[in-house]
Amino acid sequence: MSATNGIRKLVSKALYFRCLTPEIENGINYELTRLGYISDVDYEALELLMDEMDAGRIRLIPSP
């Protein structure tokens, strides 16, 4: 994924499908590990995702 928008693309996917799948979660973790830092824009995207999950608008899909 692109270093500039990988996390935002994954967050957008979770918001679009209204669920956080293990694949999306693993992709976000991979990007965070690969980059070694988080930009302000990516932080805001993750914050939005967590807010949506806290409000119950995004489901967490468990691993099989």
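Everything numeric in this text was worked out from a predicted model, so none of it was measured. (Residues numbered from 1 in each chain as written. Predicted model: local features only at pLDDT ≥ 70, side-chain atom pairs only at ≥ 80, totals over all residues. Heavy atoms only, no water.)

Visitor: How should unusual backbone geometry be read in this particular structure?
Guide: When glycine is set aside, most residues are seen to have a negative phi, and most peptide bonds are trans. If you check the backbone angles, Arg-18 has positive phi at about 60 degrees while not being a glycine. On the secondary structure map, Arg-18 appears in the loop between helix 1 (6-17) and strand 1 (19-20). Given a relative accessible area of 42%, Arg-18 falls into the partly exposed group. (Helix = DSSP H or I, 4+ residues; strand = E, 2+ residues; numbered from the N terminus. Buried < 20%, exposed > 50% of the residue type's maximum accessible area, 1.4 Å probe, protein only.)

Visitor: Is there a simple way to explain the nonpolar core in this structure?
Guide: A general tendency of soluble globular proteins is for nonpolar side chains to be buried together. Ile-7, Leu-10, Val-11, Ala-14, Leu-20, Ile-24, Ile-28, Leu-35, Ala-45, Leu-46, Leu-49 and Ile-58 form the largest nonpolar core, which has 12 residues in total. Contributing elements (two or more residues each) for this core: helix 1, helix 2 (22-35) and helix 3 (40-54). Per-element accounting of this core gives the leading share, 4 residues, to helix 1. Not counting the four nearest positions on each side in its chain, Leu-20 is found in contact with Ala-14, Glu-25, Leu-49, Met-53, Ile-58, Arg-59, Leu-60 and Ile-61. (Core = buried A, V, L, I, M, F, W, Y, C linked by side-chain atoms within 4.5 Å. Contact = heavy atoms within 4.5 Å.)

Visitor: Help me out: how do you make sense of the environment of Thr-21 in this one?
Guide: Residue position: Thr-21 is located in the loop between strand 1 and helix 2. Put simply, Thr-21 and Ile-38 are 17 residues apart on the chain and 21 Å apart in space, counted from C-alpha to C-alpha.

Visitor: Which parts of the structure should I look at to understand helix 2?
Guide: Every α-helical turn comprises 3.6 residues, leaving residues that sit three or four positions apart pointing alike. Along its 14 residues, helix 2 runs 20 Å from first to last C-alpha, staying within 8% of the 20 Å computed at 1.5 Å per residue. Contacts from the buried residues of helix 2 go to helix 1, strand 1 and helix 3. The first or second residue beyond helix 2 is Gly-36, which carries a positive phi of 80 degrees. (Expected span 1.5 Å × (residues − 1).)

Visitor: Help me understand the packing of helix 1 against helix 3, please; the structure alone is not making it clear to me.
Guide: Between two packed helices, what matters for the description is the angle formed by their axes and the separation of those axes. Where helix 1 meets helix 3, the closest approach of the two axes is 9 Å, and the angle between their N-to-C directions is 20 degrees. Judged on the interaxial angle alone, helix 3 and helix 1 are roughly parallel. Of the two elements, helix 1 crosses helix 3, and the hand of that crossing is left-handed. On the side of helix 1, the interface is formed by Ile-7, Arg-8, Val-11, Ala-14 and Leu-15, while helix 3 contributes Val-41, Asp-42, Ala-45, Leu-46, Leu-48, Leu-49 and Glu-52. In the contact of helix 1 with helix 3, the residues fall into 9 nonpolar, no polar and 3 charged. (Axes fitted to C-alpha atoms, helices over the stretch in contact; angles between N-to-C directions. Parallel < 35°, antiparallel > 145°, perpendicular 65-115°, else oblique. Left-handed = near helix turned anticlockwise from the far one by under 90°. Nonpolar A, V, L, I, M, F, W, Y, C, P; charged D, E, K, R; others polar.)

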